[in-house]
Amino acid sequence: MEYTQLGRTGLKVSRLVLGTMNFGPQTEEADSHAIMDAALDAGLNFFDTANVYGWGENKGRTEEIIGNWFAKGGDRRDKVVIATKVFGGMDGDREPWPNHDRLSAVNIRRAVEASLKRLRTDHIDLYQFHHIDRLTPFEEIWQAIDVLVQQGKILYAGSSNFPGYKIAQANELAARRGTVGLVSEQCLYNLAERRAEMEVIPAAQEYGLGVIPWSPLHGGLLGGVIKKETEGGRRASGRSADALANTAVRAQVQAYEDLLDKHGIEPGEAALAWLLAQPGVTGPIVGPRTLEQLESALRAVKLELSEDVLTGLDEIFPGPGPSPEAFAW
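What you see is a predicted model; the values in this text were computed from it and never measured.

## Some thoughts on the side chain of D48
Checked against the element boundaries, D48 lands in strand β4 (residues 46-48). Here Q128 takes part through its side chain, which lies 3.0 Å from a polar atom of the side chain of D48. Excluding its chain neighbours within four sequence positions, the residues that come into contact with D48 are V17, L18, G19, T20, Y53, A83, K85, Q128, Q186 and I285.

## Examining the pattern of salt bridges
Tallied over the full model, the rule gives 14 salt bridges. With its nearest N and O atoms 3.0 Å apart, the salt bridge here joins D133 to R102. Here the residue D133 occupies a position in the loop between β6 (124-129) and α5 (138-150), and R102 occupies one in the loop between β5 (81-86) and α4 (105-119), the gap between them amounting to 31 residues. When its relative accessible area of 27% is taken as the criterion, R102 is described as partly exposed. Beyond isolated ion pairs, a larger network of salt bridges with shared partners links E29, R61 and E64.

## Description of the sheet that holds β6
One open sheet holds the eight strands; their spatial order is β9-β8-β7-β6-β5-β4-β3-β10, and the pairing between them is parallel. Looking at which strands have only one partner, the edges of the open sheet turn out to be β9 (210-214) and β10 (285-286). The strands that α4 touches are β5, β6 and β7 (154-160); relative to β6, the one it contacts most, it runs at about 135°.

## Focus on the side chain of T20
Following the sequence through the fold, T20 ends up in the loop between β3 (17-19) and α1 (29-41). Only 2.8 Å separates the side chain of T20 from the backbone oxygen of D48, close enough to count as a polar contact.

## Structural notes on the pairing of β6
Counting buried positions over the six residues of β6 gives six, a clear majority of the element. The β-α-β motif built from β5, the intervening α4 and the parallel element β6 has right-handed crossover chirality. Strand direction decides the pairing type here: β6 and β7, joined by five bridges, are parallel. Within β7, the position partnered with Q128 by the bridge is G158. Running through α5, the crossover from β6 to the neighbouring parallel element β7 is right-handed.

## With respect to the pairing of β5
A regular strand places its side chains on the two faces of the sheet in alternate fashion. Counting buried residues in β5 gives six out of six residues, a clear majority hidden from the surface. Neither face of β5 is left uncovered, since the one carrying V81, A83 and K85 and the one carrying I82, T84 and V86 both have all their residues buried. With three bridges connecting them, β4 and β5 associate as parallel partners. Paired with F47 across the strands is I82, a residue of β5. With four bridges connecting them, β5 and β6 associate as parallel partners. Across the sheet, residue T84 finds its bridge partner in β6, namely Y127.

## Some details on the layout of surface pockets
Roughly 1500 Å³ of volume is contained in the largest pocket. Breaking the lining of the largest pocket down by element, the ones donating at least two residues are α8 (225-230), α9 (238-244), α11 (267-276), β10 and α12 (291-300). Of the residues forming the lining of the largest pocket, the biggest block, six residues, is contributed by α12. In the lining of the largest pocket, the residues fall into 16 nonpolar, 21 polar and 13 charged.

## Regarding the environment of G74
Within the element layout of this structure, G74 appears in the loop between α2 (61-70) and α3 (76-79). Taking relative accessible area as the criterion, G74 reaches 62% and is therefore assigned exposed. Distance in space between the C-alpha atoms of G74 and M1 is 20 Å, their sequence separation being 73 residues.

## A word on the environment of G10
Position of G10 among the secondary structure elements: in the loop between β1 (3-5) and β2 (12-14). The exposure class assigned to G10 is exposed, which follows from its relative accessible area of 69%. Considered as a pair, G10 and E63 are 53 residues apart in the sequence and their alpha carbons are 26 Å apart.

## Here we look at the nonpolar core
Core analysis: the biggest nonpolar cluster contains 74 residues, and F129 and W142 have the highest contact counts within it. In contact with W142, not counting residues within four places along its chain, are F129, A157, A170, N171, L173, A174, R177, G181 and L182. The next biggest cluster of nonpolar side chains, apart from the first, holds eleven residues, and it includes L6, L11, F46 and I285.

## Some words on the packing of helix α10 (residues 247-262) against helix α13 (residues 307-316)
Following both chains from N to C, one finds α10 and α13 inclined at 175°, their axes separated by 10 Å at the closest point. When the axes of α10 and α13 are compared, the pair comes out roughly antiparallel. Each of Q252, A255, Y256, L259 and L260 in α10 lies in contact with α13, whose residues at this interface are V309, G312, L313 and I316. By residue class, the composition of the contact of α10 with α13 is seven nonpolar, two polar and no charged.

Analysis parameters
- Residues numbered from 1 in each chain as written.
- Predicted model: local features only at pLDDT ≥ 70, side-chain atom pairs only at ≥ 80, totals over all residues.
- Heavy atoms only, no water.
- Helix = DSSP H or I, 4+ residues; strand = E, 2+ residues; numbered from the N terminus.
- Polar contact = N/O pair within 3.5 Å; in protein donor to acceptor, adjacent residues only side chain to side chain.
- Contact = heavy atoms within 4.5 Å.
- Salt bridge = Lys/Arg side-chain N within 4 Å of Asp/Glu carboxyl O.
- Buried < 20%, exposed > 50% of the residue type's maximum accessible area, 1.4 Å probe, protein only.
- Pairing = 2+ DSSP bridges.
- Axes fitted to C-alpha atoms, helices over the stretch in contact; angles between N-to-C directions.
- Right-handed = clockwise from strand over helix to strand, strands pointing away.
- 1 Å grid on protein atoms, 1.4 Å probe; cavity = no way out; pocket = protein on both sides within 12 Å on 5 of 7 lines; lining within 4 Å.
- Points joined across faces, edges and corners; volume = space filled by probe spheres on them.
- Nonpolar A, V, L, I, M, F, W, Y, C, P; charged D, E, K, R; others polar.
- Core = buried A, V, L, I, M, F, W, Y, C linked by side-chain atoms within 4.5 Å.
- Parallel < 35°, antiparallel > 145°, perpendicular 65-115°, else oblique.

If you want it as structure tokens, here you go:
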């Protein structure tokens, strides 16, 4: 495994992040524990979750599965940098009760205590805002975070799904308060969705945030989906199926798979390796449902894409360009 610093911090994390969103809804607890054991054995030390994972009436279930794994001992908790998130309501499928969602100081305090209990730990290494809150000022958010840091309940704060201007706003205010501010941004970023390159990633780099891309395979679209269909394997579903219904997108994905087949590279591994080669990226989140999927992701860390392959990928999936050049002169 390779490691890097998380943004401008002294925290050393693996270049792959273990995403746990499937734990509970799609992967049973015993299998989830086996995947976490295998990830840790491979040197992967950065695990990501969220308080709402488990979904529906089972929100919080994923954190519970991780907490039960920590409770097995063997230095599991000590070796893992655990990241979780706050924003969504925890009232199941019911309408959230007032102050049971978003980023008010009241909800942040409540959510931290609940996550600590489910995770069976005394602190959270990286506490991430799952979405921007247009109703709560950052003065209030940072005051709540400062208290939690002083209490030792969280160590770092990060953002997720923030636009570039909110990253700037949050960290400018933190600087005026004399505090660290955001140290990471978790955003949608992959070969097929590169709009983060316009402003989010430049803002993250300017303010020293590590970039943690989620959905690196774009819902399976970049994982060899056409080849799998042709060979009688698992058919595309959800977002990737909807995308392939578009003739132009299907042609684009076919060109992508043909390019990688020519070079003898697995599509899913190439998509991860491409992200690992991008400036500012700490590591993409991989969300394996099985041990085999984890093993494939681990191979991507050692995969170096040639200039020919990188050029070909840029031709198939051209980025938008930086801001303002992407939309102005």
